[in-house]
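Understanding the architecture of this molecule
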There are 2 protein chains.
Amino acid sequence: MILAIDVGGTKMAAALVAPDGAVRLTRRLATPQDADAETLWKTLLALIEPYDGFSGVGVGCGGPMAWPSGEVSPLNIPGWRGFPLGERLAARFPGKPVRIHNDAICLAVAEHWKGHGRGRANMLGMVVSTGVGGGLILGDRLVNGGTGNAGHIGHVIVEPGGPPCGCGGHGCLEAVARGPALVAWAQDQGWTPSPANGAYRDAVGSDPEKAGSGREKAGSGQEEAAGSGLDVAGAYREDREATGQMLAADARRGDPIARAALARAGHALGLAIASATHLCDLDVVTIGGGLSQSGELLFGPLERTLREHARMDFARRLSVVPALLGQEAGLVGAAALLLGGDRYWAV
Amino acid sequence: MILAIDVGGTKMAAALVAPDGAVRLTRRLATPQDADAETLWKTLLALIEPYDGFSGVGVGCGGPMAWPSGEVSPLNIPGWRGFPLGERLAARFPGKPVRIHNDAICLAVAEHWKGHGRGRANMLGMVVSTGVGGGLILGDRLVNGGTGNAGHIGHVIVEPGGPPCGCGGHGCLEAVARGPALVAWAQDQGWTPSPANGAYRDAVGSDPEKAGSGREKAGSGQEEAAGSGLDVAGAYREDREATGQMLAADARRGDPIARAALARAGHALGLAIASATHLCDLDVVTIGGGLSQSGELLFGPLERTLREHARMDFARRLSVVPALLGQEAGLVGAAALLLGGDRYWAV
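Source: prediction; values computed, not measured.

A look at unusual backbone geometry
Residue and element names in this part refer to chain A. The residue after Trp-67, namely Pro-68, is reached through a cis peptide bond having omega 5°. As for its position among the elements, Pro-68 is in the loop between strand S5 (65-66) and strand S6 (71-72). Its identity as a non-glycine residue notwithstanding, Leu-25 has a phi of 55°, on the positive side. Look at Leu-25 and you get exposed, because its relative accessible area is 61%. Non-glycine residue Asp-34 carries a positive phi angle of around 55°. Topologically, Asp-34 is positioned in the loop between strand S3 (23-30) and helix H1 (37-48).

Shown next, in the form of structure tokens:
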């Protein structure tokens, strides 16, 4: 049994994960906003305090981080800058192994271990949400790269001269296809959320952070299908009037601008995936995150662009599928860092 | 001692390679043009006939091929389509291991084993010539991908909507940066080779294939610094009036269009390398092939584009350098398939 922890900007989650991947006794707490480092640490201690009977600790945490030490500086947890999370957990659980990796890596690992990547040796696991992240498995092993940062598919360049990206560059996949970028693009084209989205807005209420946590605890959690790591629960809420959820819903209702926005994301994803499979000769790509629920509206344009560019035999064989695992993927992947033997952890 | 063989569309080369990488008794023959499969095979047998005292056979051959079986269909050797080169060599040398890989892979492996990638665990070895190819080493091991085709950096997309590529797609790095594409682009801009290139044309004479082989035997071979695999000896000669050699020479002489052509290549390379390091978290990229001899005229624009796009810490640490090894790189890499232990061969 492994204690799995998933640390995101909106919430922290923990559970016990069995060797077969079964997740038990999941607990969640809202991540204190604007809290200092020790307050955040105490919240995490309170979250994991009830657990016992585990042999190791696996953690997925928002990046960036120093890997493999697990000194974390999550972009969306300002109170932790260079916080020695790995060291603290090792001191808290002496004698037990502690393994920490990027949350997007954990999602990919989970999908490889127990999802649609199972049995496929060469996989890119992606998540498209507030950000666009991923993890790369080649030769049946997680690729870390020189500093644990391999898998940053969100920063493959799909539009040279394109929009500025949070990374400091421009034209990255993430700059084009992240939820907030799509919302902004649609709004520029004249889209406003249809009245049918009203119910959603009422449900969120005046404080989306808290309302989000409430929904998570109630377990409905449809908004966070890809796990917590990339703040899926908070995804698309940078502009609280118009969200990626609404955009996707309006696309399903037939709104032409909303559909064009999803097609724009699909096109950008298709370009990045074509480049990735040419470089890595992949078997399968899985896509999780809220946008991956959009079905043909996203995957149709994605496939068209991919097939237009990936013409060599070895690239044509690639399949691109929605991720199988739901909201517990982050916990499953964190546990797999230990339960997967050395497939997902090599330092 | 390993018998190393390098099969290209212009010539075939063989040598004995010692465990320390030393190359001995190199022999070369012109690849018979428009020959049938058995004529080509007999040429190869004649090439390797004198060798003995080796324990295994390593081969680099133009792609595509079925890997790891070594059933080859080199694009520039029309007489071999689905030719069972691996099987034939195994039958010729019973009891000895035979390992065949793509020529671009062998160049990358050579550079990792004995060149500028030595001691770096995460490397992309590139060659920019008539084509743009590469090989990927991650975690100190060659990445094969699902079908042995990982490393196709030439088909990372750098210009969506850009020029058609030989692969059937468009906007690929190779479509923009391969020697013949640069020459065609420069000619479209009004460039013609300066009279100073006359001496080169005289040296090539009326039959560039033969003249090329002659120069190789004489060992001057500056044109083929990256090895034979990608037909570097024949590189830039599709149009025998204007070649990439001349373009590079005119750029060194200050011709503004020729310089712009090299800058165009550097820009495209910078984009593809930025995408590659974001995906794979690389330590070093080596670039071989004729164009890599252009120094700052190529590497300056490459670096500017790379640094503009690769802004995250893990990407900023990447270094991009010209390949160290010269014309024997293909033979060194072919031998390394066996001499590198399991680092470069895992099936």
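That covers the picture; the talk isn't over yet.
A few points about the sheet that holds strand S9 (residues 123-128) of chain A
Residue and element names in this part refer to chain A. Strand order across the open sheet formed by 5 strands is S11-S10-S9-S12-S13, with mixed pairing between neighbours. Whereas interior strands pair on both sides, the edge strands pair on one side only; in this sheet they are strand S11 (141-142) and strand S13 (319-322). Across 6 bridges, S9 lies against strand S10 (residues 132-138) in antiparallel orientation. Bridge pairing in S10 places Met-126 opposite Gly-134. The strands that helix H3 (residues 103-114) touches are S9, S10, S11 and strand S12 (284-288); relative to S10, the one it contacts most, it runs at about 50°. Here helix H9 (residues 256-280) sits on the sheet in contact with S9, S10, S12 and S13, set at roughly 160° to S9.

Section: the state of the cysteines
In total, this model carries 0 disulfides over all chains according to the counting rule given. No disulfide involves Cys167(A); its nearest neighbouring cysteine sulfur is the one of Cys172(A), lying 3.8 Å away. Using a relative accessible area of 11% as the deciding quantity, one classes Cys167(A) as buried. Of all cysteine sulfurs, the one in Cys280(A) lies closest to Cys280(B), which takes part in no disulfide; the gap is 4.2 Å. Residue Cys280(B) is classed as buried on the basis of its relative accessible area of 0%.

A look at the pattern of salt bridges
Residue and element names in this part refer to chain B. A complete count under the given rule lists 12 salt bridges over all chains for this structure. Two residues, Arg-307 and Glu-303, come together in a salt bridge whose shortest N-O distance is 2.8 Å. One end of the pair, Arg-307, and the other, Glu-303, are both in helix H10 (residues 296-309), 4 residues apart, so they sit about a helical turn from each other. Assessed through its relative accessible area of 28%, Arg-307 is described here as partly exposed.

Observations regarding the packing of aromatic side chains
Given two aromatic rings, their pairing is described by the distance between the two centres and the angle made by the two planes. Residues and elements named next belong to chain A. All told, the structure shown has 8 aromatic pairs over all chains when counted by the stated rule. With 6.1 Å between their ring centres and 45° between their planes, Trp-41 and Phe-83 make a pair best called tilted. Residue Trp-41 is found in helix H1, and its partner Phe-83 is found in strand S7 (residues 83-84); the two are separated by 42 residues along the sequence. Across this residue pair, the class does not change: Trp-41 and Phe-83 are buried. Ring geometry for Phe-54 and Phe-93: centres 5.2 Å apart, planes at 80°, overall edge-to-face. Residue Phe-54 is located in the loop between H1 and strand S4 (56-61), and its partner Phe-93 is located in the loop between helix H2 (85-92) and strand S8 (98-102); the two are separated by 39 residues in the primary sequence.

Observations concerning the confidence of the model for chain A
Put simply, chain A has an average pLDDT of 89, and 88% of its residues get 70 or more. This stretch, residues 200-239 of chain A, has a pLDDT under 50; its non-local contacts, to residues over four places away or in other chains, come to 94 contacts.

Focus on the interface of chain B and chain A
Reports often express the size of an interface as the amount of accessible area lost when the parts come together. Between chain B and chain A, the residue contacts involve 39 residues of the former and 39 residues of the latter. Of all residues in chain B, the largest losses of buried area upon contact with chain A belong to Ile157(B), Leu279(B) and His309(B), amounting jointly to 21% of the total for that side. At the surface where chain B touches chain A, the tally comes to 0 salt bridges. Seen at the junction of chain B and chain A, the total is 22 residue pairs in polar contact (both at pLDDT 80 or more). A total of 7 residues in the side of chain B that touches chain A trace back to one element, the largest contributor, which is helix H9 (residues 256-280) of chain B. When its residues are assigned to classes, the side of chain B that touches chain A shows 18 nonpolar, 16 polar and 5 charged.

As for the pairing of strand S2 (residues 11-17) of chain B
All names here are of chain B. Counting buried residues along S2, 7 of its 7 residues qualify, which places the element largely inside the surrounding structure. Going residue by residue along S2, you find Lys-11, Ala-13, Ala-15 and Val-17 tucked away on one face and Met-12, Ala-14 and Leu-16 tucked away on the opposite face as well. Sheet analysis places strand S1 (residues 2-7) next to S2, joined by 6 bridges and oriented antiparallel. Bridge assignment links Val-7 to a residue of S2, and that residue is Met-12. In textbook terms, the turn of a hairpin is the stretch between consecutive antiparallel strands, and for S1 and S2 this stretch comprises 3 residues.

Some thoughts on the side chain of His170(B)
Following the sequence through the fold, His170(B) ends up in the loop between strand S11 (141-142) and helix H4 (173-177). A residue is classified by how much of its surface remains accessible, and His170(B), at 18% relative accessible area, is buried.

Here we look at H1(A)
Each α-helix winds once per 3.6 residues, and so residues spaced three or four apart point in a common direction. Residues and elements named next belong to chain A. Here H1 contains 12 residues, and its C-alpha end-to-end distance of 17 Å stays within 8% of the 16 Å for a straight helix at 1.5 Å per residue. Of the residues making up H1, those classed as buried are Leu-40, Trp-41, Thr-43, Leu-44, Leu-47 and Ile-48. Here the buried residues of H1 occupy an arc of 155° about the axis, which is enough to place them on one side. Buried residues along H1 sit in contact with strand S1 (2-7), strand S2 (11-17), S3, S7 and H2.

What counts, and at which threshold
Residues numbered from 1 in each chain as written. Chains lettered and ligands numbered in written order. Predicted model: local features only at pLDDT ≥ 70, side-chain atom pairs only at ≥ 80, totals over all residues. Heavy atoms only, no water. Helix = DSSP H or I, 4+ residues; strand = E, 2+ residues; numbered from the N terminus. Buried < 20%, exposed > 50% of the residue type's maximum accessible area, 1.4 Å probe, protein only. Pairing = 2+ DSSP bridges. Contact = heavy atoms within 4.5 Å. Axes fitted to C-alpha atoms, helices over the stretch in contact; angles between N-to-C directions. Disulfide = S-S within 2.5 Å. Salt bridge = Lys/Arg side-chain N within 4 Å of Asp/Glu carboxyl O. Phe/Tyr/Trp six-rings, centres within 6.5 Å; stacked < 30°, edge-to-face > 60°. pLDDT = per-residue confidence, 0-100. Buried area = accessible area lost by both parts, 1.4 Å probe. Polar contact = N/O pair within 3.5 Å; in protein donor to acceptor, adjacent residues only side chain to side chain. Nonpolar A, V, L, I, M, F, W, Y, C, P; charged D, E, K, R; others polar. Expected span 1.5 Å × (residues − 1). Arc of directions from axis to C-beta.

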